[in-house]
Amino acid sequence: MPETGSDAQRSRVHPLGEEPHQLRRYRSGDAPRTIAWKHSARRDSLVVREYERAQQQDVLLDWAALHGLAHEPRISRLAAWVDQAEREGRRYRLRLPGQADTAAGRGPEHHHACLRALALLPRA
């Protein structure tokens, strides 16, 4: 699948993320599992860990990016990328010649709409 650039993944603070981001003071309602007990003991006040989760950008599946392929292989490659993006749970857009770009999305209806647009693509 095409890469969306070097900043394809931005990070944002999320309580259920994967990577520790920072410590902050405990607030009422924070989950007990986020309390940093060792740090809290050293400070004599409760602190909690905030985590980061990578946030992926939308993937653009562009007909023009496959300029080296013939018509049918391009359709096949784009259909495979649509399937892959859907399996990975990524949001994706489809750009085809002579048509407006599909809006970014995911899910069965979006998947079907993209595959239908590829199937009905007229030969240029």
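Everything below is about the structure shown above.
Residues numbered from 1 in each chain as written. Predicted model: local features only at pLDDT ≥ 70, side-chain atom pairs only at ≥ 80, totals over all residues. Heavy atoms only, no water.

A.B. asks: Let's hear about helix H3 (residues 108-119): which residues, and what values?
C.D. replies: With twelve residues, H3 ought to run about 16 Å at 1.5 Å a step, and its terminal C-alpha atoms sit 16 Å apart, in line with that. Turning to H3, its buried residues number three or more, namely His 110, Cys 114, Ala 117 and Leu 118. End-on view of H3: buried residues confined to an arc of 100 degrees, all on one side of the axis. Relative to its buried face, H3 has exposed residues pointing more than 90 degrees away, namely Pro 108, Glu 109, His 112, Arg 116 and Ala 119. As for H3, its buried residues are in contact with helix H2 (71-88) and strand S5 (92-95). (Helix = DSSP H or I, 4+ residues; strand = E, 2+ residues; numbered from the N terminus. Expected span 1.5 Å × (residues − 1). Buried < 20%, exposed > 50% of the residue type's maximum accessible area, 1.4 Å probe, protein only. Arc of directions from axis to C-beta. Contact = heavy atoms within 4.5 Å.)

A.B. asks: Summarise the pairing of strand S4 (residues 59-62); cite the residues concerned and give the values.
C.D. replies: With four bridges connecting them, S4 and S5 associate as parallel partners. Across the sheet, the residue bridging to Val 59 is Tyr 92, located in S5. Once the chain exits S4 it traverses H2 before rejoining the sheet at S5, and the crossover so formed is right-handed. (Pairing = 2+ DSSP bridges. Right-handed = clockwise from strand over helix to strand, strands pointing away.)

A.B. asks: Hey, could you go over the packing of H2 against H3 for me, with residue numbers and the actual values?
C.D. replies: Axes are the key here: two packed helices are described by the angle between their axes and the distance separating the axes. Contact geometry of H2 with H3 gives a least axis separation of 10 Å together with a crossing angle of 175 degrees. Compared by their axis directions, H2 and H3 come out roughly antiparallel. Contacts between H2 and H3 pair Ile 75, Leu 78, Ala 79, Val 82, Asp 83 and Glu 86 from the former with Pro 108, His 111, Cys 114, Leu 115 and Leu 118 from the latter. Across the contact of H2 with H3, the residue classes break down as eight nonpolar, one polar and two charged. (Axes fitted to C-alpha atoms, helices over the stretch in contact; angles between N-to-C directions. Parallel < 35°, antiparallel > 145°, perpendicular 65-115°, else oblique. Nonpolar A, V, L, I, M, F, W, Y, C, P; charged D, E, K, R; others polar.)

A.B. asks: So what's going on with the pattern of salt bridges? Residues and values would help.
C.D. replies: This structure, assessed with the given rule, holds seven salt bridges. Linking Arg 24 and Glu 50 is a salt bridge whose minimum nitrogen-to-oxygen distance equals 2.8 Å. Here Arg 24, found in strand S2 (residues 19-25), pairs with Glu 50, found in strand S3 (residues 47-56); they are 26 residues apart in sequence, far enough to count as distant. A relative accessible area of 17% means that Arg 24 is categorised as buried. For Asp 62, the salt bridge identified is with Arg 95, shortest N-O distance 3.6 Å. Remark: Arg 95 occurs in strand S5 and Asp 62 occurs in strand S4; sequence separation between them is 33 residues. Here Asp 62 falls in the buried class, since its relative accessible area comes to 16%. Given the relative accessible area of 29%, Arg 95 is considered partly exposed. (Salt bridge = Lys/Arg side-chain N within 4 Å of Asp/Glu carboxyl O.)

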